[in-house]
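Fold and contact review
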Amino acid sequence: LKVGRRSATLTDFAYAYFCFKNGISFLNEDHWKHQYQLSIDLHDAAADAACALSDTTGVQSYSQAVLSHATSLEDKLNAMFTMVKSLRMTLSLAEAEIYAVRFLMELGEEEPRMSGNPQLDSDISSMIVTVSSMTDDSILNLKQSQDKKLLMLMNLCHEFFYIFQMMDPSRLSSVSLRMVQLSFGCGITELSPLAFAQFGVVVLSGGNAIVGYRMGSLALKLARNLCAPRLISSVIAVVQPYLAWVAEPLQTITESHQHGHTLGAQCGDVSSSTLNYAWFCMAKLLSGCDLEVVRRESCRFLKELRSKKQNWGFLCASITYLLSVALIEGPNSDVLVGNCDLPSETHIFAFAVERKHELISFGIRTHRLIRNFLFRQYDEMSNSSSFLSYLLERKPPLHSLFIIGVFYQGLTSYCIARRTRDDIWTTRGNAALTFIQHWSHSSQWNFQNKVLLLQAEKSFTCGNLTEAQNFYKDSITSARRHKFIHEEGVSHELSGLFFLDRGLRDKAHEELLHSVRCFRTWGAYAVADRVNILIGDNFSDTTCSEGHVCETASHTAEDSTKRRYYLDF
């Protein structure tokens, strides 16, 4: 037992598991009677190690042994929690929820309430008022508690957060509120920073950016005050993707996730380490980092997860990888990971719908919005439902990816509105613009260029041409200033199409050439090729009147040669 615990501390879970299993084999036949506490400790430790190694059979076996022989609720707590965590990490979320609710009732708690409950809404409002009336120091210096039952209840609520985040966002607010209530009423535990972070997510998703971001900042400060590196990794995995984008540049969020991944790996927190790296890859994609780096990092990560038989984080990383390869190679690229086929976007979406995995479903919808717009797949664009309406109806935690999805819905809507003259698409575009404008008040860095580009598209659609031209120019400048090279490319292309529509061919050609250069700098060679074809179709002469040489598809073969090595993993 001692050697195994030491090995687990050093994150050598395989050897720790070996030690625990050997320890169990050395117990007497009547060990549950005469070696009770040692039996509890060994079986709990073996279940924990099995969970870290994705051995669901081992988790079930050792946890059930404890639940069958433990003589008190306190002795059952760790086994109960480990079973729920194991099922969640293998994405057996429906089963995890059943067990979690059962264990929650055994602890004397009520089943989580759904959003829209008048009493729940009132309780959340009261908690926001309470938090707003307290200083940071008074919150950070609340009394601490070491009560084991309280700690396990907090752990269980934390698992509920992950489960409901994936399956049923309508009950997130209930468990997040309960964790904060326990922290304020019973004392601060090592899970309280997560309570603050998760409640911040709920508050921000309700539209209150100031209190939401403050709760996230308090969560990180409290985790550092408690000197718990393992806890910091968990808090980062919540704060950075769901709260930090309100006030911090997307580029710095990438760095934070990398730090969270390292801390989690060093401390043996497989769940938080994995999640941070999945968010790290996605944040690099959203912030405009080199797509070849994104593809390479997400590919290596997927291979590592597959070799360890880990499902947690795999689908999120798959979405990032599929989109990066599509932008590099084209939307219909065959994708392989090692010698195993990676699930296609269609298969992932079908899996998400079947298992009711809301988070993955939203991720795939966003992936499709971005891909369809950048490759001008008009049939799919026209058949898509309103992403923003679905977002507002289901009310998931507002991941930065979903905000970008709304941005691309706006661009798509205005594009189709000009093609079809259908007012419903203009209405969708205006709704997306209003949504992005709301969040731009909190972060000009992340959203100013997006608001300006949507305003340009709206003005173009409505026939306000002078206003549109100024907005296009400002959106390009803003994207360049805030280092979003991919969105600068989008702005240049849409500006070029605007000038082409007005008959200003030289100006249009110049803007489209800038768009190609931006997309190539980003690494989106397939998108650059599409714009090059657009240039070739509209500017048949190799030289414009201003003397610019057209960049045609002659570059395509060279670019393709450079990027084909992506299959040689």
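Residues numbered from 1 in each chain as written. Predicted model: local features only at pLDDT ≥ 70, side-chain atom pairs only at ≥ 80, totals over all residues. Heavy atoms only, no water.

**Section: the overall build of the protein chain**
Cut-off, in case you're wondering: By definition, any uninterrupted DSSP run of H or I lasting at least four residues is a helix, any uninterrupted run of E lasting at least two residues is a strand, and each is numbered from the N terminus. The size measure is the radius of gyration over C-alpha atoms, and the globule rule it meets is 2.2 Å times the number of residues to the 0.38 power. Burial classification: accessible surface area is computed with a 1.4 Å probe over protein chains only, and a residue below 20% of its type maximum counts as buried, one above 50% as exposed, and the rest as partly exposed. Note on definitions: a residue-residue contact is assigned when non-hydrogen atoms from the two residues lie within 4.5 Å. Accessibility throughout is a Shrake-Rupley quantity obtained with a 1.4 Å probe, and a residue counts as covered only by protein chains that appear here. Just so you know, the count uses Lys and Arg for positive and Asp and Glu for negative, and it drops His and the chain ends. Charge coordinates come from a single atom per side chain, which is NZ of Lys, CZ of Arg, CG of Asp or CD of Glu.
A tally of helices and strands in the protein chain yields 30 helices and two strands. Relative to the compact-globule value of 25 Å for 569 residues, the protein chain shows a C-alpha radius of gyration of 26 Å, a close match. Each principal axis of the C-alpha distribution contributes one length, and for the protein chain these read about 95 × 55 × 40 Å. Burial statistics for the protein chain: of 569 residues in total, 59% are counted as buried. Put simply, of all contacts in the protein chain between residues at least 6 apart along the chain, 67% involve residues at least 24 apart. Working note: accessible area of the protein chain is about 23100 Å², and carbon and sulfur atoms make up 51% of it. Taking the average location of the 54 positive side-chain charges in the protein chain and that of its 59 negative ones, the two points are 2 Å from each other.

**Re the nonpolar core**
Convention followed: Among buried residues, the Ala, Val, Leu, Ile, Met, Phe, Trp, Tyr and Cys ones that are joined through side-chain atoms within 4.5 Å form a nonpolar core.
Core analysis: the biggest nonpolar cluster contains 196 residues, and Trp 245, Leu 327, Tyr 408 and Trp 439 have the highest contact counts within it. Ranked by residue count, the leading element in this core is helix H10 (residues 148-167), at 13 residues. Residue contacts for Tyr 408: discarding those within four places in its chain leaves Leu 369, Ile 370, Phe 373, Leu 374 and Val 490.

**Looking at unusual backbone geometry**
Among all residues except glycine, the phi angle is most often negative; among peptide bonds, the trans geometry is most common. Despite not being glycine, Thr 11 shows a phi value in the positive range, around 65°. By the element assignment, Thr 11 lies in the loop between helix H1 (2-9) and helix H2 (13-25). The residue Arg 376 is not glycine, and still its phi comes out positive at about 50°. With respect to the helices, strands and loops of the structure, Arg 376 is situated in the loop between helix H20 (358-374) and helix H21 (378-383). A relative accessible area of 11% means that Arg 376 is categorised as buried.

**Considering the pattern of salt bridges**
Side chains carrying opposite charge are able to pair once their charged atoms draw close together. Basically, it comes down to this: Each salt bridge in this description consists of a side-chain nitrogen of Lys or Arg and a carboxyl oxygen of Asp or Glu lying within 4 Å of one another.
Across all of its chains, the model carries 23 salt bridges by this definition. Taking the shortest distance from any N to any O, the salt bridge between Lys 308 and Glu 304 comes out at 3.3 Å. Lys 507 is the partner of Glu 511 in a salt bridge, and the nearest nitrogen-oxygen pair spans 4.0 Å. Taken together, the residues Glu 511 and Lys 507, both in helix H28 (residues 505-522) and four residues apart, mark about one turn of the helix.

**Looking at the packing of helix H22 (residues 387-394) against helix H24 (residues 423-440)**
This is how it is decided: To obtain each axis, a line is fitted to C-alpha atoms, and for helices this fit is confined to the stretch in contact; angles are then taken between N-to-C directions over 0 to 180 degrees. Under this scheme an angle from 65 to 115 degrees is roughly perpendicular, one under 35 degrees roughly parallel, and one over 145 degrees roughly antiparallel; angles in between are oblique.
For the pair H22 and H24, the least separation of the axes is 9 Å and the interaxial angle reads 55°. As the angle between them shows, H22 and H24 are arranged oblique. In this structure, H22 uses Leu 388, Leu 391 and Leu 392 to contact H24, whose residues at the interface are Ala 431, Ala 432 and Phe 435.

**Quick look at the packing of helix H14 (residues 229-242) against helix H15 (residues 250-267)**
For the record, the criterion: Crossings are classed by handedness, with left-handed meaning an anticlockwise turn of the near helix from the far one by less than a right angle and right-handed meaning a clockwise turn.
Their axes nearest at 8 Å, the elements H14 and H15 cross at an angle of 150°. Taken as axis vectors, H14 and H15 run roughly antiparallel relative to one another. Taken as a pair, H14 and H15 cross one another with a handedness that is left-handed. Only Ile 253, Ser 256, His 257, His 259, Gly 260, Leu 263, Gly 264 and Cys 267 of H15 make contact with H14, whose side of the interface consists of Pro 229, Arg 230, Ile 232, Ser 233, Ile 236, Gln 240 and Pro 241.

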